[in-house]
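Chain by chain, the residues run as shown.
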Amino acid sequence: MATAAAHHEEHPGGLTRWLFTTNHKDIGTLYLWFAFIMFFVGGAMAMVIRAELFQPGMQMVEPHFFNQMTTVHALVMIFGGVMPAFVGLANWQIPMMIGAPDMALPRMNNWSFWLLPPAATLLIMSLFMPGGGPAAGWTIYPPLSTQGGMGMDFAILTIHMLGFSSILGSMNIIATILNMRAPGMTLMKMPLFVWTWLITAFLLLAAIPVLAGAVTMLLTDRHFGTSFFDAAGGGDPVMFQHVFWFFGHPEVYILVLPAFGVFSQIIPTFARKPLFGYSSMVFATATIAFLSFIVWAHHMYTVGMPMAGELFFMYSTMLIAVPTGVKVFNWIATMWRGSMTFETPMLYAIAGVFLFTIGGLSGLMLAITPADFQYHDTYFVVAHFHYVIFAGSVLALMGAAYFWLPKWTGHMYNERLGKLHFWLTTISFNVTFFPQHFLGLAGMPRRIPDYALQFTEFNQISSIGAFVLGLSQLLFLYIVVQTIKGGKQATDRVWEGAEGLEWTVPSPAPYHTFATAPQVK
Amino acid sequence: MSAAKGSYYLPDPSPWPVVTSVGLFFLALGFIFLINSVDGGQWLMLAGVLTIVYMMIRWFGQVIRESEGGAYDDQVDRSFRWSMSWFIFSEIMFFAAFFGALFYARQFAGPWLDNTELLWPGFDFNWPSAGPEGPAAATPSTPPAGPNQFSPMGAWGIPAINTAILLSSGFTVTMAHWGIQKDNRGQLVTWLFLTIVLAIVFVGLQAYEYVHAYTELGLTLGTGIYGATFFMLTGFHGFHVTVGTIMLSVILGRSIKGHFTSGHHFGFEGVAWYWHFVDVVWLGLFIFVYWL
Ligand code: HEM
Ligand SMILES: [Cu+2]
């Protein structure tokens, strides 16, 4: 064993550093850049969708290609963008926040990341195959998904690989949190971001294998003669929906719980007050996780379920609003009478909480079975899930980037540009998605490339908002690159109100942070 | 070895994860090509498999050397334990998806098909069923009389024997574990060897049963929902038993070479946990797939 000091910053240079790395910070960086690239790929597809929908009638693309765009856009954004981005944050932050030298299983950590690029390659390749990419929507319901060309097989194998990556990543995160905490860092002292990731990792381990099972049955129905989803053989296409949504609803909380963790780190920092109701936050998160497994059929109200099912899933779904409400109230109470300042991360956190709440309220509307008969598969649902996923998860990711970039790079980002990016993003987000509520209520169906004349104005507003939203992200890329390259030297603490172990180490954080565990009081 | 100060073992950069991913990519791509009759699929798959096998020998070999070299302290050991437990949990959820499909088909989908007169009037749903357009079910485990018939798999022949075999193997692997705990290598090796023999007999009987089903009972993967759930559940289980048998064999080889001590043998325990897991899944299969 070489001397400690000599080993500290040692790593191979060039490409091999990134290919072979076992360092949580390198791997975190890889995850974050991968997600960033995927956001642009998925964003480009969204631009195609909005361009086609700018006017009624068929403008730019074939309907079949339009369907591929809605399908692959969602798959790329969920599995390639939001999920890897949060795993990137987990890699960077969790070891620093709990005072660990690295993730528990560093080689497996590297593998979890390096499963992603081949999987993404498969998904993108599918678009160029005969018959095109998957076009059955990201929910890949049979019988549509049991028909069609090999693009669907590409999607299925992609899902398997991405899912495996998530499973390995979650095992690692749980082992790290349960086994690598510094002395004195009891569970109920952990930063909330760590807590939310612990629970998210559990959700992933319980939900992802079920998705793997669902797509495996799809694959055998497609190629090996099984009849899981074919009534002629005694199967049932609706069964796929049950299995899929048993995964699918926990999945939406997988996307948003780490965002709740980010809000819970940022808001106390800039309100200069400890998080209000820490333990109630932990229990609310755990409650949400539990409930998320018994609400899945709220996605299937119109499929023809027995009345008892409709009622059960309606009430269980509405129950989720309670722990979610607890969280929102806690964030507001944290800000109450705080000495607040509004740096970019705080702006993102406040906007994230506020806009996410709008999405939660539209969710509550959708939860009401008889009302959902009207809203289901309309743009109202599209508006709902963009308010929760974009405003909840993606705004949290952007806020997290501004919050921790100084710690990662050692440089402050440009505050003026950051604020400009914030306002461009949030305003154009609302311009894009708020009108979609009206479109949905008026009956415009989702996933259709054409629409009736009366929907034109709102669609045009929405498309213009989308183009601005897409272009604004180039500014984000510019800011990030600029911060990496230079900028005002960041202090160790970075933010005046920052609390936690990661703020006690230098900025940029050294390659190996806590070789010897700190003592937490 | 690069443990920057602290005692926790942090491995050096490693090429094996990336190599694995490249192998998996070719395996997946080749598989897609194969099932879509695109030329060359099988060669891509072969390249992928060879890459993965090579990686496993190198990567696991390195882990074994590190372990025997004393690199893993108790804390590292605990990391392995947590992650292995949660991995097994995820495997349970994978099987849960197929069990869920079985329950759903039997409890909901079938009766609904029976009750509606819209598509297949006159269809009576009785489990085992291959659906309204599938072949009809004949007496279990006896070759069916007519052409459009299949015979489901009865519980009390080979499956019951296999249940006894797997339960005994759970016992033998525990005996082997007690052997290593007492530092009694003879006991470890003997009982481990017996476990592997039982495992191989189990897989052999399963293979025999499959051939029987395909050639004589008219029961295939395509035999409606019964055939689908039957082969999917038993097939994935059989695959897991096979993987478990390979893992047990590696552990046996290591035991013979003198690896493991009474206080440090997670390699053994992880495999034993995995073995108990396939055991428990089998009990579920025996009850819900074969018996009820
Ligand atoms: C108060 C909490 C929430 C409630 C009551 C709720 C309720 C619902 C309901 C009933 C639907 C089905 C609408 C339909 O298809 O007719 C739905 C769809 C959806 N929700 Fe939520 N939701 C909530 C929070 C969330 C969160 C936090 C996320 C993600 C971060 C999310 C993501 C989605 C997505 C992606 C869909 C659409 C899936 C699809 O069909 O493609 N929801 N929600
Ligand atoms: Cu849901």
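Please read these numbers as outputs of a predicted model, since none were measured by experiment.

K.L.:
What exactly am I supposed to notice about the coordination of the copper ion (ligand 2) here?
P.N.:
Think of it this way: four donors in a tetrahedron around the metal ideally sit 109.5 degrees apart, and six in an octahedron ideally sit 90 or 180 degrees apart. Residues and elements named next belong to chain A. Every protein donor of the copper ion (ligand 2) is accounted for by His249 (ND1), His298 (NE2) and His299 (NE2), and the metal-donor separations fall at 1.9 to 2.0 Å. Here the copper ion (ligand 2) and the iron atom of ligand 1 are spaced 4.5 Å apart. One end of the pair, His249, is in helix H9 (residues 237-271); the other, His299, is in the loop between helix H10 (278-291) and helix H11 (307-335), and 50 residues separate them in sequence. For His249, a relative accessible area of 6% translates into the label buried.

K.L.:
Can you help me understand unusual backbone geometry in this one?
P.N.:
Across residues other than glycine, the phi torsion is negative in most instances, and most of the peptide bonds are trans. A cis amide bond, omega 5 degrees, links Pro142(A) with the succeeding residue Pro143(A). For Pro143(A), the position within the fold is in the loop between helix H6 (116-126) and helix H7 (151-179). Positive phi outside glycine occurs at Ser141(B), with the angle close to 60 degrees. Checked against the element boundaries, Ser141(B) lands in the loop between strand S1 (136-137) and strand S2 (149-150).

K.L.:
Would you mind going over a nonpolar patch on the surface with me for this structure?
P.N.:
Residues and elements named next belong to chain A. Taken together, the side chains of Trp423, Ile427, Val431, Phe434, Phe438, Phe458 and Ile461 present a nonpolar region at the surface, about 610 Å² in accessible area. Those elements that place two or more of their residues in the nonpolar patch are helix H15 (415-441) and helix H16 (456-485). Sorting elements by how many residues they give to the nonpolar patch places H15 first, with five residues. If you trace the backbone, Phe438 turns up in helix H15.

K.L.:
Mind showing me how you'd approach the domain arrangement of chain B here?
P.N.:
All names here are of chain B. Taken domain by domain, chain B holds domain 1 (1-72) and domain 2 (74-291). Taking only C-alpha atoms, the centre of domain 1 and the centre of domain 2 are 27 Å apart. Each side of the interface is counted separately: domain 1 has six residues, and domain 2 has nine residues. With both sides pooled, the region where domain 1 packs onto domain 2 buries about 780 Å², and carbon together with sulfur makes up 61% of that total. At the junction of domain 1 and domain 2, the tally comes to one salt bridge. Residue Arg254 is joined to Glu68 by a salt bridge in which the shortest nitrogen-to-oxygen separation is 3.5 Å. The interface formed by domain 1 and domain 2 includes two residue pairs in polar contact (both at pLDDT 80 or more). Here the residues of the side of domain 1 that touches domain 2 sort into four nonpolar, one polar and one charged.

K.L.:
Where do I start with the coordination of the iron atom of ligand 1 in this structure?
P.N.:
On the protein, His384(A) (NE2) is the one donor atom to the iron atom of ligand 1, at 2.1 Å. Locating His384(A) in the fold gives a position in helix H14 (residues 379-409).

K.L.:
Even after reading the chapter, I still don't get the site of ligand 1, so can you show me in this structure?
P.N.:
All names here are of chain A. In the vicinity of ligand 1, 22 residues are found, and the nearest of them are Trp138, Asp372, His376, His384 and Arg446. Contact distances for ligand 1 include 2.8 Å between an oxygen atom and a side-chain N or O atom of Arg446. Per-element accounting of the shell around ligand 1 gives the leading share, six residues, to helix H12 (residues 344-367). Residues of the shell around ligand 1, tallied by class, amount to 13 nonpolar, seven polar and two charged.

K.L.:
Looking at this structure, I do not really get the nonpolar core. What am I missing?
P.N.:
Grouped burial of nonpolar side chains is what soluble globular proteins tend to show. Leu89(A), Trp197(A) and Trp404(A) are the most contacted members of the largest nonpolar core, which totals 267 residues. Looking at which element gives the most residues to this core, the answer is helix H8 (residues 192-223) of chain A, with 22 residues. When residues of this core are assigned to domains, at least three fall in each of domain 1 (1-72) and domain 2 (74-291) of chain B. Non-local contacts of Leu89(A), meaning those with residues more than four positions away in its chain, are made with Leu32(A), Ile94(A), Phe193(A), Val262(A), Leu397(A), Ala400(A), Trp404(A) and Trp408(A).

Thresholds, definitions, all that
Residues numbered from 1 in each chain as written. Chains lettered and ligands numbered in written order. Predicted model: local features only at pLDDT ≥ 70, side-chain atom pairs only at ≥ 80, totals over all residues. Heavy atoms only, no water. Donors = N, O, S within 2.8 Å, 3.2 Å for Na, K, Ca; no water. Helix = DSSP H or I, 4+ residues; strand = E, 2+ residues; numbered from the N terminus. Buried < 20%, exposed > 50% of the residue type's maximum accessible area, 1.4 Å probe, protein only. Patch = residues over 30% accessible without salt bridge, like charges linked within 9 Å, V, L, I, M, F, W, Y side chains within 5 Å. Areas by Shrake-Rupley, 256 points an atom, 1.4 Å probe, with all protein chains shown as cover. Salt bridge = Lys/Arg side-chain N within 4 Å of Asp/Glu carboxyl O. Domains from an automatic or database assignment. Contact = heavy atoms within 4.5 Å. Buried area = accessible area lost by both parts, 1.4 Å probe. Polar contact = N/O pair within 3.5 Å; in protein donor to acceptor, adjacent residues only side chain to side chain. Nonpolar A, V, L, I, M, F, W, Y, C, P; charged D, E, K, R; others polar. Near = heavy atom within 4 Å. Core = buried A, V, L, I, M, F, W, Y, C linked by side-chain atoms within 4.5 Å.

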